[in-house]
Amino acid sequence: MADADARDESDGVEATGAGRRAGPSPLRTVGARTGGALRRVWTRASRARRLGLTVGAVAAVTALVAGAGLAVQPRYDDPARPAMLVDDLRGEPTETVWRTDLSAESTPGTPAGCTYYLRVGGVGDDAIMSAQTAELSDRCGGSGGRLVRVDGETGDVTWSTNVATTLGRAVRSVSVTPDDDERAATLTVEVDAGSTLARLDLATGEVTDRSAAVESSDPDEVTRIEGLSSSSVLVSHQPRSRFGADGTGPTTEDDDRTRFELHPLDDLDTVSWRGDEPSQATVTLFDDELYVLTTAGGGSRVIDATTGTEHPVPIADDAYGWPESAGDHVLVAFAAIDGQRLVAFSQDDPGAIGWSADLAGDASLIVSDRCVTVTATTQSGDPVVEGPRGAGDDDGQDDPGGRVSVTCLSPATGEARWTTSLPVRSGQTVQSGWNPLPDSAFDQVQVSVSPSSAFGDETTTVTTFDAEDGHVAFTATLPGYSAPLARSRTTVYQLAFDVDGRSSVVAFDEHSHRELWRTSPTEAVDIGFWGPHLVVTGQDGVVRRVDDPRAVADRG
């Protein structure tokens, strides 16, 4: 009996009474029958048949494992601008794909430390680099005005040209605005005092002097390029007495006036509009419209840059902010006694108001074509106090102290698409943050909170919101101050600046929001994406395209 009971226990069958045994469970019966059938099939099968059954079993198990893996794979949202996605760098980009010494290529013989290069424009994935003089001395001479086109894929120098030689005058710096077809570009050239225009053939690097068409012929006047659009250029002419001997300035008094002119880019000898505006006026060019905002003289107006027709602005407030472009509107935040009034002017109908909204007096804006993000204090925390970083309250409680609201207004209608709030602890300040450029794939809204009111603190808390519905895309603690840089299929990139002004790139997984890597802080002049590729420009004029070593290896 003991042996029988032992056999019962070993078979996993529970005794149901003296000398009685329960039958096997249905599951065990099915399993036993299935196992027996499989053993019979295996015994009777030929060698080839056994091999086929083995391969089939392995395939089935592999499919099962793969299916389970797919179920836990992260899901990455499609970006609003997929064409702007950059390289997907999942590991720290320590591999140098190419290296180009622009000082050796473009300014040979210049003493070390005298010249550095800045990216001042782009053509596709290529960069237009401009030489800058690091110090004004006889040792360094003048290298400003040298432009170089660098192939973003290979690092090859396509052409190098000297704007200063073409103009026959000293050049401080050059900015490049490519035409829509990227065949040519307009150059804004900073000279000894003021600025002037030139044209650049982007295929060959040939420069054409256009200064005579816009500069004043009066030797006692200084001409400055104040604005440039795809169709027009805004020029000012001011007395030379407003400028210092080194070209610094201008310095104006309250009753001073400045003469402005609008010229069509395709016919610079023509003046489409001319105005004599007070020194305190804000004069800003947006595409085919010019905004003159002032309470003096003719008052605030919107001017059609094509025809020169003036349209009075129906705003009675005494002060105003700086105009900003948002989609089909130009936004201006006018100061009022009880806050601010945000006015959206239509770019299709000069002077017409598309929509307006009342804002708090301390509200600040982050403007893009996806969101007009308004941040404002909703609950004040304790006053800013000096003390060690991260010090909490005496009772150890994690008290937020205050809150700031974050609201996304539709650029088209001004309606609130979503609103939320963020905690602001004692001693912290909201820096509002940055929105990406209109052609960036980083399609989100970012708000930064610093640990104190002083710029350059050790860390900043960055909260990034989805522009569509306001949900938190990710939160990160970054050194110093940061701004959104770019996005790839699975990775988002932030550009961070530490207390010493050094910059680094921090990468996050787009799904989990965990930090993937960060580069060591560097004193490089620039770190950014040329098209899809990450490129570092050093102070020594050396430019390097960097990549994830594993990705480079995979490409063979």
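Residues numbered from 1 in each chain as written. Predicted model: local features only at pLDDT ≥ 70, side-chain atom pairs only at ≥ 80, totals over all residues. Heavy atoms only, no water.

Overview of the side chain of Ser232
Looking at the secondary structure, you find Ser232 in strand β11 (residues 232-239). Relative accessible area serves as the criterion here: at 4%, Ser232 is assigned to the buried category. Within the local environment of Ser232, its side chain forms a polar contact with the side chain of Ser231, the two groups lying 3.5 Å apart. (Helix = DSSP H or I, 4+ residues; strand = E, 2+ residues; numbered from the N terminus. Buried < 20%, exposed > 50% of the residue type's maximum accessible area, 1.4 Å probe, protein only. Polar contact = N/O pair within 3.5 Å; in protein donor to acceptor, adjacent residues only side chain to side chain.)

Here we look at the sheet that holds strand β17 (residues 310-312)
Across the sheet, four strands lie side by side as β14-β15-β16-β17; this open sheet has antiparallel pairing. Strands at the two margins of the open sheet, each flanked by one partner only, are β14 (282-286) and β17. Adjacent strand axes in the sheet meet at a mean angle of 20 degrees when their direction is disregarded. Of the strand pairs in this sheet, strand β15 (residues 289-293) and strand β16 (residues 301-304) are connected by four bridges, and their pairing is antiparallel. Its bridge partner lying in β16, Tyr291 is registered against Val302. (Pairing = 2+ DSSP bridges. Axes fitted to C-alpha atoms, helices over the stretch in contact; angles between N-to-C directions.)

Points about unusual backbone geometry
What is expected of a backbone is that most residues other than glycine have negative phi and most peptide bonds are trans. A cis amide bond, omega 5 degrees, links Gly249 with the succeeding residue Pro250. Here Pro250 lies in the loop between β11 and β12 (257-264). In this structure, Glu182 is a non-glycine residue whose phi angle is positive, near 60 degrees. Within the secondary structure, Glu182 is located in the loop between β6 (173-178) and β7 (184-190). The exposure class assigned to Glu182 is partly exposed, which follows from its relative accessible area of 36%. Look at Asp287: it is not a glycine, yet its phi comes out positive at around 50 degrees. If you trace the backbone, Asp287 turns up in the loop between β14 and β15.

Section: the packing of aromatic side chains
Applying the stated criterion across every chain yields a total of six aromatic pairs. Measuring from ring centre to ring centre gives 5.7 Å for Trp418 and Phe465, while their planes differ by 35 degrees; the resulting arrangement is tilted. Of this pair, Trp418 sits in strand β25 (residues 416-424) while Phe465 sits in strand β28 (residues 459-466), placing them 47 residues apart in sequence. Judged on exposure class, the residue Trp418 and its partner Phe465 are both buried. Within the aromatic cluster, the residues linked to one another by ring pairs are Phe286, Tyr291 and Phe345. (Phe/Tyr/Trp six-rings, centres within 6.5 Å; stacked < 30°, edge-to-face > 60°.)

Some points on the side chain of Ser211
Turning to its location among the elements, Ser211 is positioned in helix α6 (residues 211-214). We classify Ser211 as buried; its relative accessible area is 10%. Other than its neighbours up to four places away in sequence, Ser211 contacts Arg169, Thr196 and Leu197. (Contact = heavy atoms within 4.5 Å.)

Let's talk about the state of the cysteines
The tally for this structure, following the rule as stated, stands at one disulfide. Two residues share a disulfide in this structure: Cys371 and Cys408, whose sulfurs sit 2.0 Å from each other. Of note, the bridge from Cys371 to Cys408 carries an S-S torsion of about -95 degrees and is left-handed in sense. Taken together, the positions of Cys371 in the loop between β22 (364-367) and β23 (372-379) and Cys408 in strand β24 (residues 402-409) put the pair 37 residues apart, joining distant regions of the chain. The class for Cys371 is buried, based on a relative accessible area of 0%. Of the residues examined, Cys408 reaches a relative accessible area of 0% and is grouped as buried. (Disulfide = S-S within 2.5 Å.)

Details of the environment of Asp547
With respect to the helices, strands and loops of the structure, Asp547 is situated in strand β36 (residues 542-547). Owing to a relative accessible area of 1%, Asp547 belongs among the buried residues under this scheme.

Observations regarding the environment of Pro323
Among the structural elements, Pro323 can be located in the loop between β17 and β18 (324-326). Along the backbone, Pro323 and Thr282 are 41 residues apart, and their C-alpha atoms lie at a distance of 8.7 Å. Ignoring sequence-local partners within four residues, the contact set of Pro323 consists of Thr282, Thr284, Phe286, Tyr291, Leu293, Val330, Leu331 and Val332.

Some details on the sheet that holds strand β3 (residues 126-133)
Sheet strands pair by backbone hydrogen bonding; their relative direction is either parallel or antiparallel. Read from one edge of the open sheet, four strands run β2-β3-β4-β5, paired in antiparallel fashion. Either end of the sheet is taken by a strand with one partner, and the two such strands are β2 (115-123) and β5 (157-162). Shown here is a sheet whose adjacent strand axes are inclined to one another by a mean of 25 degrees, direction ignored.

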